Amino acid sequence: MGGTRTIKRFFSRMNRGLVLGLILILLLVGFVVTDNLRFEGEKAEITDNIVQYITDLANLNDGMESSAGTAIGDADQQRIRAGLAEILDRYYADPTLASRITVYDGYDASEIPESLSLWLGRTAAFDLQQVRVDAESDEFQITFERQGYSYAFVQINNLPVEYVTVGISKKPSLYLGAGPSYLIETIYPEGSELFTSLRSTEILISGSLYLTREEGEWKILMSELYTKSVDKIQ
């Protein structure tokens, strides 16, 4: 009799374990499905945020008071750096989180200001008259890949940016974040006889961004963007 009761208790515990295990599996599946559905609904908002981030970066180039063709002055540099700090604070997550990521190597919020310093040192001043980022273009493509519950990898391709400038360069190089850039401007000294012209330029922005969910909001953790024209990378 004792052996029979022991067997019954064993099967009773086993059945309870199976039921609890099944409940946990169902809860996990439900969580994953719900999370994926939520992420699908968030893709449009993430896209808008990325496009707005690039738009804000482009507009950061506006309002230089330095003479076109000369080095960008200290006052302009300070204002542009302050504007970049505001943009990074708005769109980027805590950069200390980036050190934990091994699946992606990009520029975090602490590294991007260095790329701006390099750009400021090699770019001649110009006057940005107008800028337009066309997220409705048929050329623009964006893809998403989940990297666990709180991370996502986003790839963008061929986001058109059109801008109008007054300057000496045929294709002034806008600062658009950290990433490959091969266009170096000729910088002339103050007092040089320079001839400026009004020019309209179109470039395409491509690259990747690694996002993290921070306090319920998707923010950029690291990114790498580059620009290209029809025949060459800028």
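What counts as what
Residues numbered from 1 in each chain as written. Predicted model: local features only at pLDDT ≥ 70, side-chain atom pairs only at ≥ 80, totals over all residues. Heavy atoms only, no water. Axes fitted to C-alpha atoms, helices over the stretch in contact; angles between N-to-C directions. Helix = DSSP H or I, 4+ residues; strand = E, 2+ residues; numbered from the N terminus. Parallel < 35°, antiparallel > 145°, perpendicular 65-115°, else oblique. Left-handed = near helix turned anticlockwise from the far one by under 90°. Contact = heavy atoms within 4.5 Å. Expected span 1.5 Å × (residues − 1). Buried < 20%, exposed > 50% of the residue type's maximum accessible area, 1.4 Å probe, protein only. Arc of directions from axis to C-beta. Patch = residues over 30% accessible without salt bridge, like charges linked within 9 Å, V, L, I, M, F, W, Y side chains within 5 Å. Areas by Shrake-Rupley, 256 points an atom, 1.4 Å probe, with all protein chains shown as cover. Salt bridge = Lys/Arg side-chain N within 4 Å of Asp/Glu carboxyl O. Lys, Arg positive; Asp, Glu negative; His and termini not counted. Charge placed at Lys NZ, Arg CZ, Asp CG, Glu CD. Core = buried A, V, L, I, M, F, W, Y, C linked by side-chain atoms within 4.5 Å. pLDDT = per-residue confidence, 0-100. Phe/Tyr/Trp six-rings, centres within 6.5 Å; stacked < 30°, edge-to-face > 60°. Pairing = 2+ DSSP bridges.

1. A short note on the packing of helix H2 (residues 74-91) against helix H3 (residues 112-122)
Running from amino to carboxyl end, H2 crosses H3 at an angle of 155 degrees, the nearest separation of the two axes being 11 Å. Put simply, H2 runs roughly antiparallel to H3. Classified by chirality, the crossing of H3 by H2 is right-handed. On the side of H2, the interface is formed by Gln-77, Ile-80, Arg-81, Leu-84 and Leu-88, while H3 contributes Ile-112, Pro-113, Leu-116, Ser-117 and Leu-120.

2. Regarding H2
With 18 residues, H2 ought to run about 26 Å at 1.5 Å a step, and its terminal C-alpha atoms sit 26 Å apart, in line with that. Looking only at H2, the buried set comprises Asp-76, Gln-77, Ile-80, Gly-83, Leu-84, Ile-87, Leu-88 and Tyr-91. Buried residues of H2, viewed axially, fall in a sector of 140 degrees; they line one side. For H2, exposure combined with an orientation more than 90 degrees from the buried face picks out Asp-74, Ala-75, Gln-78, Glu-86 and Asp-89.

3. A few points about a negative patch on the surface
A contiguous patch of negative charge, built from Glu-45, Asp-48, Glu-136, Glu-215 and Glu-217, is present on the exposed surface. When you line up the elements, Glu-217 lands in strand E5 (residues 217-228).

4. Considering unusual backbone geometry
Glycine aside, the phi torsion of most residues is negative, and most peptide linkages are trans. Even without being glycine, Asn-158 reaches a positive phi, approximately 60 degrees. Of note, the phi angle at Glu-215 is positive, near 55 degrees, even though the residue is not glycine. When you line up the elements, Glu-215 lands in the loop between strand E4 (197-214) and E5.

5. A word on the pattern of salt bridges
The full count for this structure, using the stated rule, is five salt bridges. Across the pair Glu-42 and Arg-213 runs a salt bridge, and its minimum N-O distance is 3.3 Å. Pair noted here: Glu-42 is in helix H1 (residues 2-59) and Arg-213 is in strand E4, with a separation of 171 residues, a long-range link. A relative accessible area of 15% places Arg-213 in the buried class. The salt bridge involving Arg-132 is made with Asp-134; its shortest N-O contact spans 3.8 Å. Of the residues examined, Arg-132 reaches a relative accessible area of 41% and is grouped as partly exposed. Taking relative accessible area as the criterion, Asp-134 reaches 17% and is therefore assigned buried. Salt bridges linked by common partners bring Arg-132, Asp-134 and Glu-162 together as one network.

6. Observations concerning the nonpolar core
Proteins that are soluble and globular tend to have nonpolar side chains buried together. Residues Tyr-53, Ile-156 and Ile-205 are the most contacted members of the largest nonpolar core, which totals 44 residues. For this core, the elements supplying multiple residues, two or more each, are H1, H2, H3, strand E1 (127-133), strand E3 (151-167), E4 and E5. For this core, the element with the highest residue contribution is H1, accounting for seven residues. Those residues within four positions of Tyr-53 in sequence are excluded, and the remaining contacts are Ile-87, Tyr-91, Tyr-92, Ile-112, Ile-220, Ser-223 and Leu-225. Ala-98, Ile-101, Tyr-151 and Met-222 belong to the second-largest nonpolar core, a separate cluster that totals 10 residues.

7. Quick look at the confidence of the model for the chain
Predicted confidence across the chain gives a mean pLDDT of 85, with 79% of residues reaching 70 or more. Mean pLDDT per element in the chain: H1 is the minimum at 71, and H2 is the maximum at 97.

8. Overview of the packing of aromatic side chains
Each aromatic ring pair is described using two quantities: the centre-to-centre distance and the angle formed by the ring planes. Within this structure, the stated rule accounts for six aromatic pairs. For the ring pair Tyr-104 and Tyr-210, a centre distance of 5.5 Å and an interplane angle of 15 degrees mean the geometry is stacked. Within this pair, whereas Tyr-104 is found in the loop between H2 and H3, its partner Tyr-210 is found in strand E4, the two being separated by 106 residues in sequence. In this pair, the class of Tyr-104 matches that of Tyr-210, namely buried. Through a chain of ring-to-ring contacts, the aromatic side chains of Tyr-104, Tyr-151, Phe-153 and Tyr-210 assemble into a single cluster.

9. Details of the pairing of E5
Bridge count for E4 against E5 is 11 bridges, and the pairing is antiparallel. Each residue of the ladder has a partner; that of Ser-208, found in E5, is Glu-224.

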